[in-house]
Amino acid sequence: MKFLLLIGFLVLISTWWVDGGVGAITDPMVELTLVQSAVPKGAVCLDGTPPGYHIQRGYSSGANNWLVDLEGGGWCNNRRSCLFRSTTALGSSKYMDKIYFSAILSSKSEENPDFYNWNRVRVRYCDGASFAGEGYDNESGLYFRGQRIWSAITEELMGIGMSSAQQALLSGCSAGGLASVLHCDNFRALFPSQTIVKCLADAGLFLDYVDVSGLHGLRSFYDGVVTLQGVAQNLPERCTPRMNATLCFFPENIVNGIETPMFLLNAAYDTWQIQYSLAPASVIQDGPWKFCRLNYSKCDSSQIEFLQGFRKNMTTVAESFYQSKATNGLFINSCFTHGQSVLPDTWYGNNSPSIENKGIAQSVGNWYFNRTEVKLIDCPYPCDTTCHNLVT
């Protein structure tokens, strides 16, 4: 698993780009803003370069509302994988460039009806520990400063208008979804009590589930991330006294204690978790999971049964989360995909995924603006015909 987790995310990011389709995106590209003032504070990417973000300003009724989206892109758990990462845009701002805003960041009302005219920010991810690390490695010269990056960028955003927000939403997808979970209450603490603040985690419900070989492979990987990058000191204090730091990096062990209203959006058959946690290539090699892990239509009945067990575990965690606070929201669909707030056609397309005839963007908006309670858990595969399933 040396590079598989990072490469897996890069593949998925590429798939998002292709599926979204450059031709389908007509908004202008959004320039990168580097936070030079972060460097003296030690808030730097893995290679020591300044962190960055992209912003489109809000207007009209959204002028004083802010959506801050945390970029995803895996993690690194040892010097070698972190050094490799530092030669990419996921570890150095030297390789970052302007980007398109679409889906939850779109400026078009027909694509993003509830947030299109808000101040919309994409925070670039260049630390490798979901914006939670704190340390420096003398041997490699790598900076593990995710927590400082989080603080420096939110400080900058507060200084350019976010401090006056009437409404704010922290969102993130994948590793960014995990970051949204980790930083949700901290985000709430930035604002006065009258500001409406909520959080969304898309594809961030990574589970500590036994893989097909009977091992906890993702737990082992996370242990490397937490140990190497000094994450323990930044994990929720409500968790660390009762279990070890690695387990406190799993959302299932911390979401119930989050005080700020939160929405969990996840595919019950999360393809990233299937391919890199449940049936990683390093474990299955040429075994019976070789094809099933990449394409659910190639799975036999026993493999589907295993995946149904994974779904059951996820829905149990989700149910417990929803019951923990009346202000929480939930959308768990029975699709084979990973990340549904980042693609226009899954976020708010004409045929976007739905549960009980309610799409994803509609459900998130209904929850955020208190139009209705949102607790949507899909029936098991293969009942959902609205999925945009990802297979390779």
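Keep in mind that what you see is a predicted model, and the values were worked out from it rather than measured. (Residues numbered from 1 in each chain as written. Predicted model: local features only at pLDDT ≥ 70, side-chain atom pairs only at ≥ 80, totals over all residues. Heavy atoms only, no water.)

## Considering the overall build of the chain
So, step 1. In terms of helices and strands, the chain carries 11 helices and 13 strands.
So, step 2. Here the chain has a C-alpha radius of gyration of 19 Å; the compact-globule value for 392 residues is 21 Å, and the two agree.
So, step 3. Projected onto its principal axes, the C-alpha coordinates of the chain cover approximately 55 × 55 × 45 Å.
So, step 4. Classification of the 392 residues of the chain by burial places 59% in the buried group.
So, step 5. Total accessible area on the chain is roughly 14,800 Å²; 50% of this is exposed by carbon and sulfur atoms.
So, step 6. Taking the average location of the 28 positive side-chain charges in the chain and that of its 34 negative ones, the two points are 2 Å from each other. (Helix = DSSP H or I, 4+ residues; strand = E, 2+ residues; numbered from the N terminus. Rg over C-alpha atoms; globule rule 2.2 N^0.38 Å. Buried < 20%, exposed > 50% of the residue type's maximum accessible area, 1.4 Å probe, protein only. Areas by Shrake-Rupley, 256 points an atom, 1.4 Å probe, with all protein chains shown as cover. Lys, Arg positive; Asp, Glu negative; His and termini not counted. Charge placed at Lys NZ, Arg CZ, Asp CG, Glu CD.)

## Considerations on the pattern of salt bridges
Close approach of charged atoms lets side chains of opposite charge pair.
So, step 1. Enumeration over the complete set of coordinates arrives at 13 salt bridges.
So, step 2. Among the ionic pairs, E111 bridges to K108, the shortest N-O distance being 3.9 Å. Neither E111 nor K108 differs from the other in exposure class; each is buried.
So, step 3. For E134, the salt bridge goes to R145, with nearest N and O atoms at 3.8 Å. (Salt bridge = Lys/Arg side-chain N within 4 Å of Asp/Glu carboxyl O.)

## Regarding empty space enclosed by the protein
So, step 1. The tally for this structure, following the rule as stated, stands at two cavities of 30 Å³ or more.
So, step 2. When its volume is computed, the largest cavity comes out at roughly 60 Å³.
So, step 3. The wall of the largest cavity is formed by 13 residues, among which T271, C292, R293, Y296 and F336 lie closest to the centre.
So, step 4. At three residues, the largest contribution of residues to the lining of the largest cavity is made by helix α6 (residues 271-278).
So, step 5. Tallied by class, residues from the lining of the largest cavity come to nine nonpolar, three polar and one charged. (1 Å grid on protein atoms, 1.4 Å probe; cavity = no way out; pocket = protein on both sides within 12 Å on 5 of 7 lines; lining within 4 Å. Points joined across faces, edges and corners; volume = space filled by probe spheres on them. Nonpolar A, V, L, I, M, F, W, Y, C, P; charged D, E, K, R; others polar.)

## With respect to the state of the cysteines
Think of a disulfide as a covalent bridge from one cysteine sulfur atom to another cysteine sulfur atom.
So, step 1. Under the counting rule described, the total for this entry stands at seven disulfides.
So, step 2. Sulfur-sulfur distance for the disulfide between C292 and C299 comes to 1.9 Å. A torsion of 85° about the S-S bond marks the disulfide between C292 and C299 as right-handed. No difference in accessibility class separates C292 from C299, as the two residues are buried.
So, step 3. Free of any disulfide, C173 has its nearest neighbouring cysteine sulfur in C335, separated by 14 Å. (Disulfide = S-S within 2.5 Å.)

## Some details on the packing of aromatic side chains
So, step 1. Within this structure, the stated rule accounts for 28 aromatic pairs.
So, step 2. With 4.8 Å between their ring centres and 55° between their planes, Y222 and F250 make a pair best called tilted. Linking Y222 in helix α5 (residues 217-228) with F250 in the loop between α5 and β9 (262-267), this pair joins segments that are 28 residues apart in sequence. Across the pair, F250 and Y222 agree in class, each one buried.
So, step 3. Each residue in the set W75, F206, Y222, F249, F250, W272 and Y276 is aromatic and connected to the rest through ring pairs, giving one cluster.
So, step 4. Above the plane of the ring of Y368 lies K198, whose end atom (NZ or CZ) is 5.3 Å from the centre.
So, step 5. Over the ring of Y276 we find R293, and its NZ or CZ is 6.0 Å from the ring centre. (Phe/Tyr/Trp six-rings, centres within 6.5 Å; stacked < 30°, edge-to-face > 60°. Lys NZ or Arg CZ within 6 Å of the ring centre and 35° of its normal.)

## Details of unusual backbone geometry
So, step 1. Following Y381, the chain continues to P382 via a peptide bond in cis, the omega torsion being 15°.
So, step 2. Although it is not a glycine, E356 adopts a positive phi angle of roughly 55°.
So, step 3. When its relative accessible area of 57% is taken as the criterion, E356 is described as exposed.

## Some points on the layout of surface pockets
So, step 1. Put simply, the second largest pocket is a space of about 230 Å³.
So, step 2. Lining the second largest pocket, in full, are A132, Q147, V181, L182, H183, D185, N186, N234, L235, P236, E237 and R238.
So, step 3. Counting residues per element, the lining of the second largest pocket draws most heavily on helix α4 (residues 175-189), which supplies five residues.
So, step 4. A breakdown of the residues in the lining of the second largest pocket according to their chemical character gives five nonpolar, four polar and three charged.

So, to be careful, I would describe these as geometric facts and stop short of saying anything about function.
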